[in-house]
Amino acid sequence: MSSDESLSFEPRLQREFGSNLRAWRTSRGLTQEALAEKLELSSRYLRTLETGAGNITLRTMEQVAYALGEDPIEMLSGSRRDQTRGSDS
């Protein structure tokens, strides 16, 4: 990767995971505080994850996904979220 390419890097997976996390959390009627408490994380950290600003470890990603009853891979791909959105229309 050239230095020009590294300057334009955007954390797409972080943003995608965060967006999916917010969608699934809200679809279950959970507040950030409630989910953070369930996971024994700070609500501030959860907020950074949902905005895509936080860098999540794979272990924490699995814990979050399983706490929501989701597959961690689907939380990255957004496949189930997209299906859920389609059913609301």
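Bear in mind that the values here come from a model prediction, so they are computed numbers and not experimental data.

Asks: Summarise the packing of helix α2 (residues 12-27) against helix α4 (residues 43-50); cite the residues concerned and give the values.
Replies: Packed helices, taken two at a time, are described by their axes: the angle between them and the distance between them. Put simply, α2 and α4 touch, their axes get as near as 7 Å, and they point 115° apart. Facing Gln14, Gly18, Ser19, Leu21, Arg22 and Arg25 of α2, the residues of α4 in contact are Leu46, Leu49 and Glu50. Class assignment for the residues of the contact of α2 with α4 results in 3 nonpolar, 3 polar and 3 charged.

Asks: Lay out the pattern of salt bridges in plain terms, naming residues and giving numbers.
Replies: Throughout the structure, instances matching the rule amount to 3 salt bridges. In this structure, Glu50 and Arg25 form a salt bridge, with 2.5 Å as the shortest nitrogen-oxygen distance. A residue pair is termed long-range when its members are at least 10 positions apart, and Glu50 in helix α4 and Arg25 in helix α2 qualify at 25 residues. For the pair Glu50 and Arg25, one class covers both residues: buried. Residue Glu70 pairs with Arg28 through a salt bridge whose shortest N-O separation is 2.5 Å. In this pair, Glu70 sits in the loop between α5 (58-67) and α6 (72-77) while Arg28 sits in the loop between α2 and α3 (32-39), placing the two residues 42 residues apart along the sequence. Glu70 sits in the buried class, given a relative accessible area of 4%.

Rules and cut-offs
- Residues numbered from 1 in each chain as written.
- Predicted model: local features only at pLDDT ≥ 70, side-chain atom pairs only at ≥ 80, totals over all residues.
- Heavy atoms only, no water.
- Axes fitted to C-alpha atoms, helices over the stretch in contact; angles between N-to-C directions.
- Helix = DSSP H or I, 4+ residues; strand = E, 2+ residues; numbered from the N terminus.
- Contact = heavy atoms within 4.5 Å.
- Nonpolar A, V, L, I, M, F, W, Y, C, P; charged D, E, K, R; others polar.
- Salt bridge = Lys/Arg side-chain N within 4 Å of Asp/Glu carboxyl O.
- Buried < 20%, exposed > 50% of the residue type's maximum accessible area, 1.4 Å probe, protein only.

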